Amino acid sequence: MIYNLMSESGSLLALIGVLFAFGGTWLATAKLNPYLPKDGGRDFAHDGKLSAGKPRGAGIIFVLVFVVAVLLFVPINPEMVIYMILITICMMTGFLDDASKTPWGEYKKGFLDLCVAAMVAMTFLKYNSAVVELAFFDVKFVFHPVVFALLTIVLVWASVNVTNCADGVDGLSGTLTIVTLGTIYMINQIKDKPDFSYAIVLFIMCLLGYLWFNATPSKLMMGDAGSRAMGLIISIAILKTGCPVLYIPVALVLILDGGLGLLKVALIRFLKIYILKNTRTPLHDHVRKVWDWSNTQTVYRFAIIQVIVSAVTIYLIQL
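So, here's what we can say about the structure. Nothing here was measured: the structure is a model prediction, and the numbers come from that model. (Residues numbered from 1 in each chain as written. Predicted model: local features only at pLDDT ≥ 70, side-chain atom pairs only at ≥ 80, totals over all residues. Heavy atoms only, no water.)

Re helix α11 (residues 252-271)
Considering bend angle alone, the principal kink of α11 is centred on Gly259 and spans about 40 degrees. Of the residues making up α11, those classed as buried are Val253, Leu254, Asp257, Gly258, Gly259, Gly261, Lys264 and Leu267. The elements touched by buried residues of α11 are α6 (145-165), α7 (172-191), α9 (223-240), α12 (283-289) and α13 (295-318). Where α11 ends, the next residue or the one after it, Lys272, has phi of about 55 degrees, a positive value. (Bend = angle between axes of the 7 residues up to and from the residue. Helix = DSSP H or I, 4+ residues; strand = E, 2+ residues; numbered from the N terminus. Buried < 20%, exposed > 50% of the residue type's maximum accessible area, 1.4 Å probe, protein only. Contact = heavy atoms within 4.5 Å.)

What about the pairing of strand β2 (residues 139-142)?
Pairing geometry for strand β1 (residues 131-134) and β2, over 4 bridges, is antiparallel. Its bridge partner being in β2, Glu133 is matched across the sheet by Lys140. The hairpin turn running from β1 into β2, its antiparallel successor, is 4 residues long, and Asp138 in that turn takes a positive phi close to 55 degrees. (Pairing = 2+ DSSP bridges.)

A closer look at the pattern of salt bridges
Inspection of every chain in the model, using the stated rule, returns 11 salt bridges. Notably, a salt bridge pairs Arg228 with Asp224, separated by 3.6 Å at the nearest N-O pair. Pair noted here: Arg228 and Asp224 are both in helix α9, with a separation of 4 residues, about one helical turn. Using a relative accessible area of 3% as the deciding quantity, one classes Arg228 as buried. Measuring nitrogen to oxygen at the nearest pair gives 2.7 Å for the salt bridge that ties Asp285 to Arg288. In this pair, Asp285 and Arg288 are both assigned in helix α12, 3 residues apart and thus about one turn of the helix distant. Residue Asp285 shares its accessibility class with Arg288, and that shared class is buried. (Salt bridge = Lys/Arg side-chain N within 4 Å of Asp/Glu carboxyl O.)

Section: the nonpolar core
Phe62, Phe66, Ile87, Val120, Leu181 and Leu232 are the most contacted members of the largest nonpolar core, which has 86 residues in total. A per-element tally of this core places helix α8 (residues 197-214) first, with 12 residues. Excluding anything up to four places from it in sequence, Phe66 contacts Met84, Ile87, Ala199, Leu202, Phe203, Cys206 and Ile233. (Core = buried A, V, L, I, M, F, W, Y, C linked by side-chain atoms within 4.5 Å.)

Comments concerning the packing of α6 against α11
One way to put it is that α6 packs onto α11 with a least axis distance of 7 Å and a crossing angle of 95 degrees. The angle between the axes of α6 and α11 places the two elements in the roughly perpendicular class. For the pair α6 and α11, contact is made by Asn161, Val162, Thr163 and Cys165 and by Leu254, Ile255, Gly258, Gly259 and Leu262, respectively. (Axes fitted to C-alpha atoms, helices over the stretch in contact; angles between N-to-C directions. Parallel < 35°, antiparallel > 145°, perpendicular 65-115°, else oblique.)

Focus: the packing of aromatic side chains
Two numbers describe a pair of aromatic rings. These are the distance of the centres and the angle of the planes. A full pass over the atoms with the stated rule returns 9 aromatic pairs. Centre to centre, the rings of Phe124 and Phe148 are 5.8 Å apart; their planes meet at 15 degrees, and the pair counts as stacked. Taken together, the residues span a long stretch of sequence, with Phe124 in helix α5 (residues 106-127) and Phe148 in helix α6 at a distance of 24 residues. Each member of the pair, Phe124 as well as Phe148, is classed as buried. Consider the rings of Trp293 and Phe302, whose centres lie 6.2 Å apart with planes at 75 degrees: the pair is edge-to-face. Here Trp293 and Phe302 have matching classes, each one buried. Note that Lys126 overlies the ring of Tyr127, its terminal NZ or CZ placed 5.7 Å from the centroid. The lysine or arginine in question, Arg301, covers the ring of Trp293, its NZ or CZ lying 4.8 Å from the ring centre. (Phe/Tyr/Trp six-rings, centres within 6.5 Å; stacked < 30°, edge-to-face > 60°. Lys NZ or Arg CZ within 6 Å of the ring centre and 35° of its normal.)

Given below as structure tokens:
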């Protein structure tokens, strides 16, 4: 919209968009957080009771600001519009769960995530090729569309759920998401893939506006409304690089933190296989409970690990 009016002033438009994303999120969060549902505390999480009474579901604020920013400041095409709709749907399913007195069941949320993942796969295939590049080796593979769609569904579903499970420490999942998306942005620059790059910048600005209030000790929490949408945006961003396998290194800490818990529960529930018996999951609970890390140490150290892995990844891609 505004993009069409100011298309000849690209730098100014970019600056206005960045300021709108950060400022809009900061202002809306400051004004609207009293109207958010309140957290009841979590018995199963380390220090979970400390969150009782805090506003939760703040993801609805920064995700909606992001969607508006994209519609105003990013060149709009049908593919981008569909992604914004799906991101909003994913956020709203999380927010309704956040606001519900009775938490939604795992299977219900998993099925809804699966539906969104299938829509992302169909949308991506309609507007992009089924070519996958192995960035470290400069090798490309062409997949059958059905196989590519199935693999995409797995990627999107996994990204949504591991990011959701990694949300449990003030500032942790938001900080890791910023590192991951920042890495994807740099990959886009190396690969000359500008399509989703500015949208990534806008979302990082929205997350920074939210983290202003979520830094330890937090005043509010993103809830499923934010964490599920973050996972979806990460998956779309990595798909647009043409190198979806890079999801593993660029989101490694999110995968290990949130994914090990999903794997542990799934193996026990469906195959009666018991692993990591002496390890609490998500890992952020283990390091705080067993290793006695503070919340701040957990965020910084997890982020440092991801920065190192991301830096190595970027270096190898450029070789």
